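Residue-level structural notes
Listed below are the residues making up each chain.
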Amino acid sequence: MTTSTSSKFDDDDINDEELLAAYCDEDKNDAIPKESDSKKLPILDVASFGFPFEPYQIQVDFMRTLYSTIQQRKHGIFESPTGTGKSLSLICGSLRWLFDEIQSWRDEYEELLKPIETKTESSSGDWLKRLMKQKEEESTREKRRDELKLKIDLEDQYIDAAKNTLTASVKKTKRDFDAKYRHLFDDEASRNPESDSSSSKEQFKFDNADELRHDEISRSDIFQINFSSSDEELLIKDSNEKNLFDEADSPSKTNMTNTREKKAHVLKIFFCTRTHSQISQFIGEIQKTKYVDQLRLVALGSRQNLCINESVLKLKSITLINEKCLDLQKQKKEKKTTTGKRQKTACGCVFLQQDRVECLSNDILSEVQDIEDVVKLGRELNSCPYYATRAAIAAAHLVVLPYQTLMHKSTREACGIEMRDNVVIIDEAHNLPDAICSMHSNEISGNQLIDSYGQLSRYHEKYKARLTAKNLLSIKQLLDVQMNLLKTLCAKENLPSIYDSDKWSNLVVSSKPTETSSTFDLIDYLCDAGIHVNLFQLIDYIKANELTKKLHGFMSKYPANKEQTADEKKTNESALQKLLQKKNAQKQPTANTSEEEQSNKESVEYRVSNSFAIFAQFLEALTNPRDDGKVIIITKETLGQCSIKYFALRTSSFFHEIVNEARSVIVAGGTMRPISEFIDHLFLACGQPEEKICQLSCNHIVPSDNVLAIALPSGPQNIQFEFTAANRSNTAMMDELGRVLVSMCSTIPDGLVVFFCSYDHLQKTYAYFEKTSVLHKLAAKKKIFMEPKRTSDVDSILGNYTKSIKNGPGGLLFSIVGGKMSEGINFSDELARCVCVVGMPYPNIGSAEIIEKMRYLDSMKVKSSTSGDNTGRAYYENTCWKAINQSIGRAIRHRGDYACLLLIDKRYSKANIPTKLPHWLANSFRQMSHFHEASNSIEQFFARRSK
C-alpha cells in the first residue's frame, strides 16, 4: 500500500489539469491578472503627443481623452468645431497610443524573459497548491510570451520590408534598364524575329502594342476585344467544369487574393472620411507631425482614382471601369516556348504583375504618400496602384479610406480589411447614421427592370439549347422574379405579353401628374409579388457564374434588335439617298452632333452595363432581415418612370459588426449634436453598454466677439420671413429678401455666401431677382456666382469667386444647404465674412422615406434625451439643424478669423433656438425684432474688426 501510494503522488504522474481544477476554486483572488487589468493609463505629457504647433488646451484635452478612450477599449463621440485642429488632434492622439502600444509589447516581452522570483515559505501544508500555481503562472507567461513574440516579429518583418529597399532597388534598376534600352532590343528583335532570345521582347512588345490598340479604339468598340469570336466565354459553364478550369486560371483568385490572404495583419488604425479630397487633406496634416518617418500608411481609393491603364480609364463610368479591369484579369497573354508552342502567362493588364505589385506595395509603405503620389509612382514603376494599395493593408499602421468602403461588408471583405482588435476613427461623422442607411438602401427603376429582363430573356433564347437544365432553371427563376417585380408597378393584365422595351416603358400606369408612393413590409411585398424562390441561392448563382459580366459581353456582341434593324435599313438605302444624307449631315454643325452622339453612346453603354447589375444589387437588398427596412413603390405616369426602393431603417444592423469587432470606434465631427442620436443608434442598439461610451465636446478657439450670429425675422419694410414650401414663391417676401441682400452687400466686405434650402428655391429666387432690378443692384456691389449642378464645375466656380474677392469688389455666392458648397469647403477669412441661411431646410414631411423613418423611430419606444418629443419628431428636427449647423460652419476656420452669421426666417426667433445651435455659438447669438437693429449691429461689428 505504501509503495502504490507514493507512486501515485510521484511528480511524473501528476495530472496538472486535474489538480488545477481541484484547487482553482479555493482562492480565486490569487489568480494572475489579465493583460487589460494590469495596464494602467500613463501620465501623458503634452510634448509627447508630437503636436506640430503649441497646442491649445482644448486640443490637449481632446488628445488625452482620445488616448484614454482607446487604451480602455471604449468607444468615443468627439465634437470639436471646424477650425480647432480636430484632424491634427485625432492624428496625434491616436498615433501616440499606437506606437506606445507597440512599445509596450517589447517592454512586456523583455519582462517575461526574466526568470520568476520564487519566495521561500516555511509552511509546507499547501505545497501542492503552490506547485500548481507556479505551473499555471509559467504556462500563462509562456503563452503570453509567444503571443507577444509573434506580434513583435511581425512588426519587425514589415519594418524591414518597408525600409530594406535592396530587393526593390534591384527590381527597379531592371525595370529602368528595360524602359531605357527596350527599343534597342525591339530593333534587334525585328531584325532577327526567329531567335529564341527575342521571344520575351516580342512578348513585351506585344503587350504594349495591345495597350496602344486599346487607346486607339473607340468606346463603342472597346468591349468587342473582351470576347473572342466564339461564344464559349459568354456561356454559363457547369459547376464542375468551372471549378476545374476557371478558378485555376483566374489571376484575381490565384495571384492577388492568395497573396493578400497569406499576409498577417499588424495592429492598425482605420481612418475614414467622406471624400477623396478630405483624404488628401488628412494626409497633408500627417506630414506635419513627428510620426511621418516611422508611420506605414496606405490610402485606399477606387479604380477611378488609382487605375493607370489608359484603355480602362477612358471609360469614365465607374461600373464600366470595374468590369473592364476584371475582364483584363481574365484574359491571358501568350508567349512562344522553346518548342514553338504558345503558353498562357500573365493577365491581360500589363500593370498587374505580382512582383511589380509587391514592389510598389513596399514603396507605398516606405513613406507617407497621397493618392496622387501613389499613382505617379505606379506610372514610374509600371505597376498597378489599385492592387498595390490593397496588398499594403496588412502591413500598414494607418489605413485611410472613404467610409463607404468600410461600412459595406462586401467591399470591406473584398479589400481584405480586418476589424478585430483594431481602431476605427470616422471623421466628418455628423450624418453617419443616415449615411449608413442610405448606403444600404437600393432603388431600381421601371426602365432598368425592363432592360435587365430584356437582356436575360434574349440571352436565354440564344443559348437555351446549350445550357444545362440546372442553369436553365436558375435563369427561368430570375426571369420570373423580374416579371413579378414589374407587375407590382402596373396592373398585370395591362402589361403586353410579348416583350417590347418601348411599349413596356411607355405603358401608362397612372393618370395623376404627380408621383405617389406606397410602403410595404418586406415579407408582405415579396408574398404579394409572388416571389417564393430562394433569393439567397439566386444571388449566389449570379455571383458564382459571373452572370452580370456575361450578360454585358453578350449585349456588347449582340446589340438589341432595333439597332440591327436600323443597320439593315441603312444597307438597303440607295446610293442617292446615302449621298443626300451625307450632304445634309455636312451642312449641320458637327460639334453638336458629335457631342450628342457621344452622350448617346455613353447613355447606351451605361444602360447595357448597369441594368442587370442594378437588378442584382436590388435582389441582394431584398434579402435583408424583415425589420431592417421597408419597400417603397413610387408610381409615376409611365411604367419606365416608376421605381421600387428598398429603404434601410435600422442603422445598427449594418454597423454592429464594426462596433463589436473593433477595439474602439471613434466618431468625430464639427457638429455632432444631438449626441444622443449616436449613443442610441450606433452604440446602444449594437449591444454596447453605456459605460463603454465616452463623449467630449470642445469649445471653439475663436473668441466670442469674433462671431456675430443674428436671427432676422423680417426685412427693412417689416415684412415677415417664413420660407416654408408653400411661401417660397411669395413675391413680397422675395422683394424683401432682395432688399436685405442689397443692404448686406453694401455693409459686409469681401465675400458673402447665401445658402438656400433647395435648388428649386434658389432657382425661383434667382429668376425673380433677374426679372426685377435686384440682381442688377447686387451685381453693382459684388460679382455674383451660383453653385453649379455638376461637381466637375465646383473648382472653377470657387476659383473665380476667390479671384473676385482678392482682386475685385467682392463676391456673392448662392449655394444650397446640404449641397456641394456646404461640406468640405473652406471659406476662411475674406471668402466668407458673412454666411446667410435663407429659411429652414426641413425635409419633405410628405416623403415616404421620412414618414417611415419617423414611424420606425417612434415604434422603438425610445424617448429623446434632448427633448420631450418622441424620437421620430426629434429626428425630423435634428435633420434640419444638422444641415444648418454644417452650413454656418463653413466660416470661422481659425483663431484669428471673424464672420457674421445671418439666419433669415421668423422661426429662428423661437425661444428654444439657442439650444439647437452649436454650444460655442450660444454667447454670440442675438434674436432681433427689427432689421434696422440687426443692420446697426452688423455695421458696428465690422467697424470694430477693421480697427
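Residues numbered from 1 in each chain as written. Predicted model: local features only at pLDDT ≥ 70, side-chain atom pairs only at ≥ 80, totals over all residues. Heavy atoms only, no water.

Operational definition: UniProt positions are given in the numbering used here, feature names are shortened, and annotations may be inferred rather than shown by experiment.
As recorded by an unreviewed UniProt entry, the protein carries the name DNA 5'-3' helicase and is attributed to Adineta ricciae. Per UniProt, the protein has the following entry under Cofactor (unreviewed entry): "[4Fe-4S] cluster". Its UniProt record, at the heading Sequence similarities (unreviewed entry), says of the protein: "Belongs to the DEAD box helicase family. DEAH subfamily. DDX11/CHL1 sub-subfamily."

**Focus: the overall build of the protein**
What counts here: Helix numbers and strand numbers start at the N terminus; a helix is a DSSP run of H or I with at least 4 residues, a strand a run of E with at least 2. For the exposure calls, accessible area comes from a 1.4 Å probe over protein chains only, and a residue counts as buried if that area is under 20% of its type's maximum, exposed if over 50%, partly exposed in between. Per-residue accessibility takes into account occlusion by the displayed protein chains alone, with areas from the Shrake-Rupley method and a 1.4 Å probe.
Each helix and strand in the protein was counted, giving 39 helices and 20 strands. Here the protein, with 947 residues, has 48% of them falling under the buried criterion. A total of about 46,400 Å² of accessible surface is found on the protein, and carbon and sulfur atoms cover 49% of it.

**Concerning unusual backbone geometry**
For the bond from R673 to P674, the omega torsion is -5°, close enough to zero to count as cis. Turning to its location among the elements, P674 is positioned in the loop between strand 12 (664–669) and helix 31 (675–683). Phi is positive for N382, close to 50°, though the residue is something other than glycine. Positionally, N382 belongs in the loop between helix 16 (371–381) and helix 17 (385–391).

**Observations regarding the packing of helix 32 (residues 731–747) against helix 33 (residues 759–771)**
How we decide: Under this scheme, a helix contributes an axis fitted over its contacting stretch, all axes are lines through C-alpha atoms, and angles between N-to-C directions fall in the 0 to 180 degree range. Comment on the angle field: the value is read as roughly parallel under 35 degrees, roughly antiparallel over 145, roughly perpendicular from 65 to 115, and oblique elsewhere. For this analysis, residues touch if any pair of their heavy atoms sits within 4.5 Å. For this scheme, ten residues count as nonpolar: Ala, Val, Leu, Ile, Met, Phe, Trp, Tyr, Cys and Pro. Four count as charged, namely Asp, Glu, Lys and Arg, and the remainder, Gly too, count as polar.
Relative to each other, helix 32 and helix 33 sit at 75°, their axes nearing to 10 Å. In terms of orientation, helix 32 lies roughly perpendicular with respect to helix 33. Judged by residue contacts, T731, M734, D735, L737, G738 and L741 of helix 32 engage K764, T765, Y768 and F769 from helix 33. Looking at the contact of helix 32 with helix 33, its residues break down into 5 nonpolar, 3 polar and 2 charged.

**Topic: the sheet that holds strand 7 (residues 423–426)**
Formally: We treat two strands as partners when DSSP finds at least two bridges between them.
Read from one edge of the open sheet, 7 strands run 3-6-2-7-12-1-13, paired in parallel fashion. At either end of the open sheet lies a strand with only one pairing partner, and these are strand 3 (297–299) and strand 13 (693–697). Each neighbouring strand pair of the sheet contributes to a mean axis angle of 15°, computed without reference to strand direction. Both strand 3 and strand 6 (residues 398–402) contribute to a ladder of 3 bridges, which runs parallel. Following the sheet pairing, A299 is matched in strand 6 by V400.

**Remarks on the nonpolar core**
For clarity, the threshold we go by: By convention a nonpolar core is built from buried Ala, Val, Leu, Ile, Met, Phe, Trp, Tyr and Cys residues, the set being connected through side-chain atoms within 4.5 Å.
Grouped together as the largest cluster of nonpolar side chains are 206 residues, with contacts concentrated most on L432, F655 and V667. In terms of residues, this core owes the most to one element, helix 5 (residues 86–113), which gives 12 residues. I710, M733, M744 and M928 belong to the second largest nonpolar core, which has 40 residues in total.

**Structural notes on the side chain of D905**
Relative to the elements of secondary structure, D905 occurs in the loop between strand 19 (899–904) and helix 38 (913–916). If we skip the residues at most four places from it in the chain, D905 touches L712, P713, F721, E722, F723, G839 and M840.

**A look at the pattern of salt bridges**
This is how it is decided: Any carboxyl oxygen of Asp or Glu that lies within 4 Å of a side-chain nitrogen of Lys or Arg is treated as forming a salt bridge with it.
Counting across every chain of the model gives 34 salt bridges. E310 is the salt-bridge partner of R379, the closest N and O atoms lying 3.4 Å from each other. Taken together, the residues R379 in helix 16 and E310 in helix 13 (residues 310–313) connect sequence positions 69 residues apart. Residue R379 is classed as partly exposed on the basis of its relative accessible area, which comes to 41%. D521 is the salt-bridge partner of R626, the closest N and O atoms lying 2.9 Å from each other. Of this pair, R626 sits in the loop between helix 29 (590–621) and strand 10 (629–635) while D521 sits in strand 9 (residues 516–521), and the two are 105 residues apart along the sequence. Owing to a relative accessible area of 39%, R626 belongs among the partly exposed residues under this scheme. If you follow the salt bridges from partner to partner, you end up with E108, R144, E147 and K151 in one network.

**Points about helix 21 (residues 446–463)**
Owing to its 3.6 residues per turn, the α-helix brings residues three or four apart onto one side. Note the following rule: Helix span is expected to be 1.5 Å times the residue number reduced by one.
Taking 1.5 Å of rise per residue, the 18 residues of helix 21 would be expected to cover 26 Å, and the 26 Å separating its terminal C-alpha atoms lies within 8% of that figure. In terms of burial, helix 21 is largely enclosed, as 13 of its 18 residues are buried.

**What about the sheet that holds strand 10?**
An order of 8-11-10-9 is seen for the 4 strands of this open sheet, with the pairing classed as antiparallel. If you trace the sheet from one side to the other, it starts and ends with strand 8 (442–445) and strand 9, each paired once. Averaged over all pairs of adjacent strands, the angle between strand axes in this sheet comes to 20°, irrespective of strand direction. Bridge analysis of strand 8 against strand 11 (residues 643–648) gives 4 bridges, and the strand direction is antiparallel. Bridge pairing in strand 11 links I444 to I644.

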